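Spelled out, the chains give:
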Amino acid sequence: MAINALGYLGVRSDRLDDWGDFAGKLLGMQRIDRGGKALAFRMDDRQQRLLVSDEPGETLAFMGWEVEQRDDLQTYAARLERYGTRVNPGGRDLCDRRFVKDLIWFEDPCGNRIELFHGPMIASDPFVPGRPIDGFMTGPLGMGHAVLHVKDIEVMLPFYRDLLDFHVSDYGLKPYGLYFFHVNGRHHSFAMVGSGQSGFHHFMVEFQNLDDVGQGYDLALQQEDRIAYTLGRHTNDYMTSYYAYSPNGFFVESGWGGRVIDPQTWESQQTHDGPSFWGHERLYLTEEEGRKRLRDMRLEAAAGGRRSPPVADCPWLFGELTRHGE
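Here the residue numbering is sequential within each chain, running from 1 through the sequence in written order. Predicted model: local features are reported for residues with pLDDT of at least 70 only, side-chain atom pairs are reported and counted for 80 or more only, and whole-chain, interface and lining totals are derived from all residues. Just so you know, side-chain values use all the structure's heavy atoms and leave hydrogens and water out.

Visitor: So what about the pairing of strand 1 (residues 3-12)? Which residues, and what values?
Guide: Relative accessibility decides the category of a residue: with a 1.4 Å probe and only protein chains considered, values under 20% of the type maximum give buried, values over 50% give exposed, and everything between is partly exposed. Helix and strand assignments come from DSSP, with helices taken as H or I runs of at least 4 residues and strands as E runs of at least 2, each series counted from the N terminus. Counting buried residues in strand 1 gives 10 out of 10 residues, a clear majority hidden from the surface. Alignment of strand 1 against strand 5 (residues 60-67), held across 7 bridges, turns out to be antiparallel. Counted as the bridge partner of Ile3 is Val67 from strand 5. When DSSP finds two or more bridges between a pair of strands, those strands are recorded as paired. Note that strand 1 and strand 4 (residues 50-53) share 4 bridges and pair parallel. Opposite Arg12, over in strand 4, you have Ser53 as the bridge partner.

See below:
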């Protein structure tokens with residue numbers, strides 16, 4: 001029994017035209033109209049990876065997590081109900097709207113809607129990106145990752161770790177509590193930021209080609225106040241990325257070169273280097289709010305010579321190294 005990938009995300013917004021431009025023209029997803037009140041977006045051969053709906057409620061509408069076997073849905077449902085979480089079956093209409101065969105849904109301790117599903121539907125026509133890109137890193141790694149603000153990590157941690165079997169990849173305690181979780185070879189598919197707030201922090205999509213990230217960065221720079229974090233590289237998953245403001249105000253990370261681990265042998269650890277080796281200047285923060293503190297952590301890492309392992313010239317060797325977490 002296992003949850004094995006982030007399958008899809010749902011967002012509420014009354015800015016559908018803005019989302020059409022942002023997800024389609026900037027991120028490079030394929031736009032699919034779902035009637036006057038919703039837009040869907042493809043990233044690969046799946047029918048739907050992102051759904052944006054004009055309806056009332058919190059910004060994050062749902063997170064969809066894929067399970068290995070159909071029977072896993074009932075196993076998780078029974079476990080969650082023993083814990084005291086109300087679990088709802090997904091009817092045929094809901095499954096059709098999510099383009100899956102079966103699902104259940106429930107809320108985490110902070111009220112975020114979680115959907116567990118089995119049997120994603122595959123499109124009959126090829127993926128057509130919204131701008132010229134080589135594609136996204138999806139497949140067994142899933143859609144990407146999702147990160148939440150949380151008021152109390154001590155409440156959320158056991159829910160995801162012990163009930164949903166999310167595995168801690170690593171965690172940091174400075175400048176704030178950060179926990180990263182894997183459900184497959186992607187270094188993290190989910191994370192929590194102990195900011196004392198609630199809501200959606202960001203989601204990440206990973207591109208197959210670094211140039212697709214860079215060209216997206218150029219496009220974002222042409223839009224006033226679109227960039228939230230400058231181009232940089234993370235210390236834990238080695239992702240080279242930038243963050244843009246979505247039409248809703250939360251961030252979307254566009255990345256390349258993320259670390260692939262071996263879930264069977266990975267051991268969680270505390271990190272001390274801060275979030276980034278270089279870059280990722282938080283343009284949305286003032287110096288007093290932590291921008292300087294994060295910059296100083298990057299400069300300290302640079303002064304100490306800390307950096308990610310070199311990328312091997314041989315694609316096969318690089319694949320083997322990353323597969324074993326080296």
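Once the structure has been displayed, the description carries forward.
Visitor: Got a sec to walk through the nonpolar core? Specific residues and values, please.
Guide: One recurring pattern in soluble globular proteins: nonpolar side chains tend to sit buried together. Definition used in this section: a nonpolar core is a set of buried Ala, Val, Leu, Ile, Met, Phe, Trp, Tyr and Cys residues joined via side-chain atoms within 4.5 Å. Judged by nonpolar contacts, the single largest core of 61 residues is most densely connected at Met29, Leu50, Met63, Trp65, Leu116, Tyr160 and Phe203. Here a residue-residue contact requires only that any non-hydrogen atoms of the pair lie within 4.5 Å. Setting aside chain neighbours within four positions, we find Leu116 in contact with Ile3, Trp65, Val67, Leu73, Tyr76, Asp102, Leu103, Ile104 and Phe106. If you look at the next biggest cluster of nonpolar residues, it comprises 11 residues, including Tyr8, Phe62, Leu94 and Cys95.

Visitor: I'd love a proper account of the sheet that holds strand 9 (residues 145-149), names of residues and values included.
Guide: Here 10 strands make up an open sheet; going across it, the order is 17-10-11-12-9-13-16-15-14-18 and the pairing mixed. Either end of the sheet is taken by a strand with one partner, and the two such strands are strand 17 (269-271) and strand 18 (276-279). Adjacent strand axes in the sheet meet at a mean angle of 25°, parallel and antiparallel pairs treated alike. For strand 14 (residues 227-234) and strand 18, the ladder comprises 3 bridges, and the chain directions are antiparallel. Note on strand 18: the bridge partner recorded for Arg233 is Trp278. On top of the sheet, helix 1 (residues 16-26) reaches strand 13 (199-206), strand 15 (240-245) and strand 16 (251-256); it is set at about 165° to strand 15, its chief contact. To get an axis, fit a line to the C-alpha atoms, keeping to the stretch in contact for a helix; angles then go from 0 to 180 degrees between the N-to-C directions.

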